[in-house]
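# A structural walkthrough
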Amino acid sequence: MISRSCFISYNRYLRVMSSNQGSPPIPQSSDGLFRKPRDPSVAPRHYRRVRSLPDVCPKEPPGEAGALCDGPSVVADQHRWTVYNSKVNLPAALNDPRLAKRESDFFTKTWGLDFTETEVMPSFYLPNISREHFSSYLQETAQREKIHERCKNICLNKDDLAVPTITNNHDKARAELEQVPKIFMKPEFVLNDPATFNAVLPWSHFSVAGGKNSRDVASSRLLQEKLSHYLDVVEVSIARQISLRSEAFFHAMSSQHELQDRLRETSDAVAKLRARTAAIDRVMCRGPLQALRDTLTRNNCIKLHNKLKLMAAVHQTQPTVQLLLSTSEFVGALELIATTKEVLQQELQGIHSFRHLGSQLCEMERLIDKMMVADFSTYTQSDLSRAFEEDAQVLEKVPQQPAASGKDRLQSLVFGLLRQRKLDFLDIYSEEMIRAAKNIVRQCVMKSVSQISEIDADTVKFHEQMRLMTFHQWFDLLLDIFEHFILFLKRIKATLSVIRNVVLEVLDSSQRSRLADANHSDGRTNEEEEEAESGGPALHSGEAELAYLTHEGLFISDALNEAEQRSNAAAHAQLRAQTHTETCGSDSASVTTESSSSREHNSNTTSSLPIGGAAAISEDVMPSDLELSRVASNVQELLYTASDVSHDRCVKVLMTRAKDGSLERLSASEFVCLSQAVESFVRDTEELCGRRSMSLRGALQSQANRFVQRFHEERKTKLSLLLDNERWKQAEVPAEFQDLVDSIADGRIMLPERRHTGSEDRKPGEFLCVDAQKYAVVGTVLLLIRMFLEYCQCVNDIPSITTDILTRLADLLKHFNSRSCQLVLGAGALQVVGLKTITTRNLALASRCLQLVVHYIPVIRAHFETRLQPRQYSILRHLDHITKDYNDHIAEISAKLVAIMDSMFEKALSKYEVKAPMPSACLRNVCKQMAKMHEAINELLPEEQTQMLFLRINASFKLHLKRQLARLGVGNDGGPQYGLVMVDVAFYSENVQALRSLEHLDLNMPEIWEQKR
């Protein structure tokens, strides 16, 4: 066994080495001994090696025909040495004669003889481990080790048990079977297949020539031996399996005989039982069963008679429906048709004479649908087209009847349409509503044009007629249209309220019916539980026998529960009929104008139908709760649509008028009247319909923006003309402007009403008094105050344009500031107005006017802030920027006044000399110019500003005097020149402090002697 395993291992080793490294073939002889290879030139040509045949039946044939096996081919590889030809002497292969001594182990064989002589030094990083290191662990596990050893001795290991011989035999048989190629084990193995045949019998390995050589004979013999060997292996395996299962086979054979004996006994017992059953049937059953069959036949005849009576009642359906339609009782006709269709489907299905009745009833139902839709459309047209002088209630209101069936025409139509699921009837109402809204505008225009003789309605187009009207005529027309639309919306709201109430009643009735059905089903469940507890329902006489009857070979167990089903159906139909009566009324009550004969005929017809027919069908055909809720919401949306339609038509009227720009040319009062009228109409429709429509308000907003643009352009142009013609002289203040300023001080930021008496008698004032301050102003500033009050008044009247007005007002104030700066500081008035020069009085007057505007900017800001939303407060920053610009402008004017005096000081003091007589002529000239300056601005500016201005002028004087003294070399040394200078300084101080409001001005003249650091 050892030599065999070594040989197999070595053979595998040779295969691997030959395939991986391509080692040269090892020549060997046919007797298996190693022979030295010969020189090819010396070797005789007739020498040929004997090769063993390859495995012609591989275990796993590949899919391709050219590669049927992994082994060598007999024909193609006959001259190439392979590992299949390796036959050597194992000791000779393992002994290498070149080695001095044999390798002691694997390492010396692989790495050389010096490997064993090398000693491995112990590692310096690893500690020396002894048994003492494990002493603590052994002590802890000693007890568990003892228990483990004891258990191991008691319970032997399953691996230690003797393996049965059968296992060895089974492994041996499996090994032998594995030698058989798997192609023979496949279920699709057939020799008819060429590929399989070539795989099993590779004839391509043999020579094609007709003669047989020794090689072909050897190959065929080897193939036959292999196939015989495979057959023997399979037969041995089959015999082994049969021997293992022989005991079960013989047991099955013995059990078969016992089973046959028992079947024979059973057959005899069945034959005896059949004979006894036939005797019982002949003696005891045939007579009673015949009697029960007769009873069943009688019951069937009674049912047939009832069916015939029902057919007679159904036959009268069409005349009754026509009679109901003649009185416009659509609901009753639909109920009768639905009941008849239900009877045809449940009770009379398959009756040949009624085969066309169902289609006829469907056609009549479609006809009724068209009639209801047409009637609803006619009603809508009549309701929306009637004169507005009538009341806004629903058209053709039927007087209330004492019974609950007193419904008006609209309610009947709506209920019928709901019952037929014609839920789009609101679209019809919407279309008629839009058409009626157009007619309202047209009728109002025609009515107004007929009262105006200047407009010829026959030659002028409809839109042109409104443009040819004056504003007051068009405004009266617009008010008339608003009034008609308010009445129009009230009428629509009344009609939609009726429709909504009908829908809500049907929805409420459906919910109550569903609740009643749930209670009824709970009652039935309780009754069934009680019957189950008492042993089941008590059957009527004869019903117990019917449960066991057979009719024509079939069980008729349905007859057992027939009476119970009939009673339950009657109770359920009665409950639904009561619910339906509360919802829509019975047929006889809804036909209020029906004649007595037709009522009697209808009642007779419906009474012949099954119980619960019309009442049971009503709930099934009605819309679901979700659909009814959707219809109710659509009714409310239709009211919103009516409001939007009304606003849209008014927008068209407004835009038709505004097409030629006439609305932009309105005066402020006229546009305010228009805005108030539109706001009133929008507010009324919002209260009436419950939702705000934005189309008319948006159109008004767009017109308001254009109006504001024109309003602003007019005032800006007017302001520009006033500034261009302003000569910058102090103007008298009329009394009306003083009153205007006083009203602003009292908190009334609006234009006062015109007074025809009183204001003309009062003389105009010289100054404008504002908060106990006097302002000397020009006429342009007075008109500017009136202008921004007009802006504020416009915001009060039209709140929607607050932001736009504020922006325009800011632009107006900017324009005044920039233009006044160009005219005064920039000396533009010299060319525009023709002034000879810009005097200090002009500058002071301009500064005072700017201060007046700055005073009113916070008032304007507070006024607009109360009318803006918090998110719009950012617009107010424009006023802050404007205030800063005005203050800068005022500062520039003050600097200009100082600069004028500074240039005069520089020119005069440059010629100053310290010599007698004193005071000098130069100082006299300076004091004279300062007196003129004081005289020009004293009456215009307040005392505080005058003092501040002269302090800056005095500082400029001291600076220039100080420079001249330094140039002349005069110092504070107490000399003669110092005395002369002090005389001039005293003269200067006396003259300046002699001016009004400058008596206590601190001139600080010793500063002229201070030296520069």
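How each quantity is defined
Residues numbered from 1 in each chain as written. Predicted model: local features only at pLDDT ≥ 70, side-chain atom pairs only at ≥ 80, totals over all residues. Heavy atoms only, no water. Helix = DSSP H or I, 4+ residues; strand = E, 2+ residues; numbered from the N terminus. Buried < 20%, exposed > 50% of the residue type's maximum accessible area, 1.4 Å probe, protein only. Contact = heavy atoms within 4.5 Å. Areas by Shrake-Rupley, 256 points an atom, 1.4 Å probe, with all protein chains shown as cover. Salt bridge = Lys/Arg side-chain N within 4 Å of Asp/Glu carboxyl O. Phe/Tyr/Trp six-rings, centres within 6.5 Å; stacked < 30°, edge-to-face > 60°. Lys NZ or Arg CZ within 6 Å of the ring centre and 35° of its normal. Patch = residues over 30% accessible without salt bridge, like charges linked within 9 Å, V, L, I, M, F, W, Y side chains within 5 Å. Lys, Arg positive; Asp, Glu negative; His and termini not counted. Charge placed at Lys NZ, Arg CZ, Asp CG, Glu CD. Core = buried A, V, L, I, M, F, W, Y, C linked by side-chain atoms within 4.5 Å. Polar contact = N/O pair within 3.5 Å; in protein donor to acceptor, adjacent residues only side chain to side chain. Axes fitted to C-alpha atoms, helices over the stretch in contact; angles between N-to-C directions. Parallel < 35°, antiparallel > 145°, perpendicular 65-115°, else oblique. Left-handed = near helix turned anticlockwise from the far one by under 90°. Nonpolar A, V, L, I, M, F, W, Y, C, P; charged D, E, K, R; others polar. pLDDT = per-residue confidence, 0-100.

## Considering the overall build of the protein chain
If you tally the helices and strands in the protein chain, you get 32 helices and four strands. When the 1013 residues of the protein chain are sorted by exposure, 35% land in the buried category. Nonlocal contacts in the protein chain, meaning residues at least 24 apart in sequence, comprise 78% of its contacts between residues at least 6 apart. In the structure as shown, the protein chain presents an accessible area of about 62100 Å², 54% of it carried by carbon and sulfur atoms.

## Observations concerning the pattern of salt bridges
All told, the structure shown has 19 salt bridges when counted by the stated rule. In this structure, Glu363 and Arg366 form a salt bridge, with 2.6 Å as the shortest nitrogen-oxygen distance. With Glu363 and Arg366 both in helix 11 (residues 357-385) and three residues apart, this pair spans about one turn of that helix. Exposure remark for Glu363: the relative accessible area of 46% places this residue in the partly exposed category. Overall, the relative accessible area of 45% leaves Arg366 in the partly exposed class. When the shortest N-O distance is used, the salt bridge between Asp644 and Arg691 registers 2.8 Å. Of this pair, Asp644 sits in helix 21 (residues 625-658) while Arg691 is found in the loop between helix 22 (668-689) and helix 23 (695-724), placing the two residues 47 residues apart along the sequence.

## A look at the packing of aromatic side chains
Enumeration over the complete set of coordinates arrives at 14 aromatic pairs. Measuring from centroid to centroid gives 5.4 Å for Phe184 and Phe189, while their planes differ by 55°, and the two rings are tilted. Here the aromatic rings of Phe471 and Phe475 are separated by 5.6 Å at their centres, their planes lie at 20°, and the arrangement is stacked. Remark: Phe475 and Phe471 occur in helix 15 (residues 471-533); sequence separation between them is four residues, near one turn of the helix. For Phe475, a relative accessible area of 14% gives the class buried. Through a chain of ring-to-ring contacts, the aromatic side chains of Phe671, Phe707, Phe711 and Tyr791 assemble into a single cluster. Across from the ring centre of Tyr775, 3.9 Å away, lies the NZ or CZ of Arg848, which sits over that ring.

## What to know about a negative patch on the surface
Together, Glu732, Glu766, Glu935 and Glu939 give the surface a local cluster of negative charge. The topology assignment puts Glu732 in the loop between helix 23 and helix 24 (735-745).

## Comments concerning the environment of Phe864
When you line up the elements, Phe864 lands in helix 28 (residues 840-865). Sequence separation between Phe864 and Thr802 is 62 residues, and the spatial gap between their C-alpha atoms is 7.4 Å.

## Here's the deal with unusual backbone geometry
In this structure, Pro917 follows Ala916 across a cis peptide bond, with omega equal to 5°. Structurally, the position occupied by Pro917 is in the loop between helix 29 (877-909) and helix 30 (921-937). The omega torsion across Met918 and Pro919 is -5°, close enough to zero to call that bond cis. By the element assignment, Pro919 lies in the loop between helix 29 and helix 30. The phi torsion at Trp728 lies on the positive side, around 55°, for a residue other than glycine.

## Examining the nonpolar core
In a soluble, globular protein the nonpolar side chains are often hidden away together inside. Core analysis: the largest hydrophobic core is formed by 198 residues, its most contacted members being Leu418, Trp474, Phe488, Ile785 and Tyr988. The contact partners of Phe488, leaving out residues within four places of it in the chain, are Leu384, Phe388, Met433, Ala436, Ala437, Ile440 and Ser646. Judged by nonpolar contacts, the second largest core, of five residues, contains Ile183, Ala199, Val200 and Leu201.

## Section: the side chain of Arg697
Checked against the element boundaries, Arg697 lands in helix 23. A relative accessible area of 18% places Arg697 in the buried class. Among the polar contacts made by the side chain of Arg697, one reaches the side chain of Glu679 at a distance of 3.5 Å. Apart from the residues within four sequence positions on either side, Arg697 is in contact with Glu679, Val682 and Arg692.

## Some points on a nonpolar patch on the surface
Nonpolar side chains collect at one region of the surface, where Ile129, Phe134, Tyr137 and Leu138 lie side by side and expose about 420 Å² of accessible area between them. By relative accessible area, Ile129 is classed as exposed at 56%.

## Focus on helix 24
The periodicity of an α-helix, 3.6 residues per turn, causes residues three or four places apart in sequence to face the same way. Among the residues of helix 24, those classed as buried are Ala735, Phe737, Gln738, Leu740, Val741, Ser743 and Ile744. Turning to helix 24, the residues buried within the fold contact strand 3 (768-770), helix 25 (779-797) and helix 28. Gly747 lies just past helix 24 and shows a positive phi near 95°.

## Overview of the side chain of Lys958
One can find Lys958 in helix 31 (residues 943-968). Judged by relative accessible area, Lys958 falls into the buried class, the value being 9%. Here Leu1003 takes part through its backbone oxygen, which lies 2.9 Å from a polar atom of the side chain of Lys958.

## Brief notes about the environment of Ala658
Tracing the sequence through the fold places Ala658 in helix 21. Ala658 sits 191 residues away from Arg467 along the chain, and the two C-alpha atoms are 8.4 Å apart. Beyond its immediate sequence surroundings of up to four residues, Ala658 is in contact with Leu663 and Gln703.

## Notes on the packing of helix 22 against helix 23
As a packed pair, helix 22 and helix 23 sit with axes 11 Å apart at the nearest point and diverge in direction by 165°. The angle between helix 22 and helix 23 places the two elements in the roughly antiparallel class. Our pair here, helix 22 against helix 23, has a crossing hand that is left-handed. Across from Ala668, Phe671, Ser675, Val678, Glu679, Phe681 and Val682 in helix 22, the residues of helix 23 making contact are Leu696, Arg697, Leu700, Gln703, Ala704, Phe707 and Phe711. The class makeup of the residues in the contact of helix 22 with helix 23 is ten nonpolar, two polar and two charged.

## Notes on the confidence of the model for the protein chain
Confidence along the protein chain averages 75 in pLDDT terms, with 72% of residues attaining 70 or more. When pLDDT is averaged over each element of the protein chain, helix 29 comes out on top at 92 and strand 2 (residues 554-555) at the bottom at 34. pLDDT under 50 marks residues 535-561. Its contacts with residues more than four places away, or in other chains, come to 20 contacts. Considering only residues more than four positions removed or in separate chains, one finds that residues 575-619, a stretch of pLDDT under 50, has 74 contacts.

## A short note on the environment of Lys490
Inspection of the secondary structure assignment puts Lys490 in helix 15. Separated by 198 residues in sequence, Lys490 and Leu688 place their C-alpha atoms 7.4 Å apart.

## Section: the packing of helix 29 against helix 30
Where helix 29 contacts helix 30, the two axes come as close as 10 Å, and the packing angle between them is 165°. Here helix 30 runs roughly antiparallel to helix 29, going by the angle between their axes. The crossing of helix 29 and helix 30 is right-handed. Across from Leu897, Met901, Met904, Phe905, Ala908 and Leu909 in helix 29, the residues of helix 30 making contact are Cys922, Val926, Gln929, Met930 and Met933. Of the residues belonging to the contact of helix 29 with helix 30, the class tally is ten nonpolar, one polar and no charged.

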